[in-house]
Structure formats: structure tokens, C-alpha cells
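Spelled out from the first residue to the last, the chains are:
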Amino acid sequence: MRKPIIAGNWKMNKTPSEAKALVTELIPLVKDANCDVVVGVPAVNFAAVAEVIKGTNIKLGAQNMHWKESGAYTGELSAAMLKECGVEYVILGHSERRQYFGETDATVNLRTLAAVKAGLTPIICVGEKKEEREAGYTNALVAYQTLIALTGLTAEQVKNVVIAYEPVWAIGTGLTATDEQANETIGVIRAAIRGVYGDAADEVRIQYGGSMNPKNCKGLMAQPEIDGGLIGGASLKAPDFAQVVNFDK
Ligand code: PGA
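Only a predicted model underlies this, so the values are computations on that prediction, with no experimental measurement involved. (Residues numbered from 1 in each chain as written. Predicted model: local features only at pLDDT ≥ 70, side-chain atom pairs only at ≥ 80, totals over all residues. Heavy atoms only, no water.)

(A) The arrangement of the side chain of E166 in detail. Structurally, E166 can be placed in the loop between β6 (162–165) and α9 (179–197). Despite its burial, E166 pairs with no opposite charge; the closest candidate is K11, at 6.4 Å N-O. Within the structure, the side chain of E166 is placed 3.2 Å from the side chain of H94, a separation counted as a polar contact. Setting aside chain neighbours within four positions, we find E166 in contact with H94, C125, V126, G127, E128, I171, G209, G210 and L230. (Helix = DSSP H or I, 4+ residues; strand = E, 2+ residues; numbered from the N terminus. Buried < 20%, exposed > 50% of the residue type's maximum accessible area, 1.4 Å probe, protein only. Lys, Arg positive; Asp, Glu negative; His and termini not counted. Salt bridge = Lys/Arg side-chain N within 4 Å of Asp/Glu carboxyl O. Polar contact = N/O pair within 3.5 Å; in protein donor to acceptor, adjacent residues only side chain to side chain. Contact = heavy atoms within 4.5 Å.)

(B) Here's a closer look at the site of the ligand. What surrounds the ligand is a group of 13 residues, the closest being K11, H94, E166, G172 and S211. S211 is positioned with one of its backbone polar atoms (N or O) 2.7 Å from an oxygen atom of the ligand. Within the backbone of G233, a nitrogen or oxygen atom sits 2.8 Å from an oxygen atom of the ligand. In isolation the ligand has 280 Å² of accessible area, and contact with the protein removes 95% of it. Its residues placed into classes, the shell around the ligand shows four nonpolar, seven polar and two charged. (Near = heavy atom within 4 Å. Areas by Shrake-Rupley, 256 points an atom, 1.4 Å probe, with all protein chains shown as cover. Nonpolar A, V, L, I, M, F, W, Y, C, P; charged D, E, K, R; others polar.)

(C) View of the packing of aromatic side chains. If you walk through the whole model with that rule in mind, you get two aromatic pairs. Measuring from ring centre to ring centre gives 6.3 Å for Y100 and F101, while their planes differ by 80°; the resulting arrangement is edge-to-face. Consider the rings of Y165 and Y208, whose centres lie 6.3 Å apart with planes at 65°: the pair is edge-to-face. Of the two residues, Y165 sits in strand β6 while Y208 sits in strand β7 (residues 205–209), which places them 43 residues apart along the sequence. There is no split in this pair, since Y165 and Y208 are both buried. One cation-aromatic arrangement involves R97 over F101; the distance from NZ or CZ to the ring centre is 4.3 Å. (Phe/Tyr/Trp six-rings, centres within 6.5 Å; stacked < 30°, edge-to-face > 60°. Lys NZ or Arg CZ within 6 Å of the ring centre and 35° of its normal.)

(D) Summary view of the packing of helix α5 (residues 105–118) against helix α7 (residues 138–150). As a packed pair, α5 and α7 sit with axes 7 Å apart at the nearest point and diverge in direction by 40°. Our classification of the angle between α5 and α7 gives oblique. Crossing angle aside, the handedness with which α5 passes α7 is right-handed. The residues of α7 that touch α5, namely those facing D105, A106, V108, N109 and T112, are Y144, Q145, I148, A149 and L150. Of the residues assigned to the contact of α5 with α7, the class counts are six nonpolar, three polar and one charged. (Axes fitted to C-alpha atoms, helices over the stretch in contact; angles between N-to-C directions. Parallel < 35°, antiparallel > 145°, perpendicular 65-115°, else oblique. Left-handed = near helix turned anticlockwise from the far one by under 90°.)

(E) Examining the environment of K54 more closely. Along the polypeptide, K54 turns up in the loop between α2 (46–53) and β3 (58–62). For K54, a relative accessible area of 66% puts it in the exposed group. Residues K54 and G86, spaced 32 residues apart in sequence, show a C-alpha to C-alpha distance of 9.4 Å.

(F) The arrangement of the environment of I189 in detail. In this structure, I189 sits in helix α9. The spacing of I189 and V126 is 63 residues in sequence and 9.4 Å in space, taken between C-alpha atoms. In contact with I189, other than residues within four places in its own chain, are V126, V142, T146, I163, Y165 and I206.

(G) A look at the side chain of N109. Mapped onto the elements of the fold, N109 is located in helix α5. The class for N109 is buried, based on a relative accessible area of 12%.

(H) Quick peek at the pattern of salt bridges. Inspection of the entire model under this criterion finds 17 salt bridges. Notably, a salt bridge pairs D32 with K31, separated by 3.2 Å at the nearest N-O pair. Residue K31 is classed as exposed on the basis of its relative accessible area of 52%. Among the salt bridges present, the one from R190 reaches D227, with a minimum N-O distance of 2.8 Å. Here the residue R190 occupies a position in helix α9, and D227 occupies one in the loop between α10 (217–221) and β8 (228–231), the gap between them amounting to 37 residues. The buried category is assigned to R190, whose relative accessible area is 3%.

What is shown is where atoms sit, not what they do.
Here it is as C-alpha cells:
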């Protein structure tokens, strides 16, 4: 019912020429994918990547954006700037932005509203830290993060949002949530959305992220609640990312 979506999060990796080489290698490997395919690249790579993926099934993603339309915000990028560069998706509230750049649930919400208003699809990241899981706060925390991020959207708008459940302790560590853990927590996120937006929750695509790779992607994607993946490290090598994209083959 929900079309899976596999998105790469390149983080602060790849110069424009390297980006061009990576997507050029990727195009033939993912051309028959049954899921939506997105590459979330550094902004300096938008032009190079947009040119190479033109006419293919790969969509362009950004890793952040500001919520204001324009103004005195040195170093920031607006939704309109992203749009004009061919960006269709934007990763928001990644745990690295929360940890290193002062991102909060409130600013994730502002960015989400601005992205949706501009016609971009947000990929909103939520997830618990290790100590929060150990203390038993995972479910309350992910539900809260999700609902705050979505505040102000209509049920119709919520249907098109993508959520990425990324346990912070699993990001870049090689540790993955078990298939069942990931499925259970994503179920909690969906139930929280249902509590406010009703059946729209059935249409929201919720990804898993955190050390997802060619080896573990099949098991994760076989879970009923998991609609895709947000892939960091494994998205930097075309054959690895392609294997995740082609998880059903
Ligand atoms: P990872 O990163 O796949 O390298 O763990 C995922 C992410 O941070 O989105």
C-alpha cells in the first residue's frame, strides 16, 4: 500500500566532481527499483547531481533548510533556493543537527511547515539516544518528537511527509536496532500520528535509519511497519546503496 522509499544521506561527503561520479555509477544500478530513490547531498552538489539524474528515477534531496523565505540569515538556504535547484526532498531534524547545531523539536517544526508550504517533501528524523532507550523513554520520546514536528499540518499534508526513525545509538556505529525493535518503535510512531491525524497515518511512510546496509536491509524491509531506509555510510558507495535500493530483488 505504501511505496517504499530509500534515501541516501551523504552528510558532509563528496565534492561536486565526486558526487557526479557517484550518481553516474548509481543510475544504471537502480533504474529498475520498485521504490522511490533519493540522494540527500551537500548543497554544493545540487547542480552537478541534478544535471546527471535528469530523466532518471533518482530524486534530489537536501540535508537541511531554513524556515524563513529570505533575509539576514548568513549561511542558510531557503526552500525556494532548494526548489529552483531541483531539490524535491529535504532531510530535517537529523540527530547530528540536533547534537551539533542546536536543532530542537520547535525548529524542526518550523522547517517542516516551510518545506511543505514550498512543495518539498520533508524527511523528518526522530530517534532516541542510548540512555533514553535504557531508561524506557523511547516510545514517549519518538511520539513527542514526531507530533511536535508535524504540528500545524493538516491530515492531508501529513500523508505526504516521510518520517525517519533513527535510534541515535545506531547511527554510524555499526549497531542496528533489531528488525523487531525497529518495527515496534515505528509502530509506536504510526500510532501517535493516528491519534491526531486518524487514518492519514496509514499513508505516512516511515523509514528506519542507523547502520542500514546491504546485509541487514532485507530483514528490516520485511517488517510490516518499515517503509524504507535512510542510509548514511552505505549510500557513499554506489553498489552498496544499490543493493539496499534493490532490497526486494
Ligand atoms: P548510517 O547513518 O547509515 O551511517 O548509520 C544514517 C543516518 O545518519 O541517516
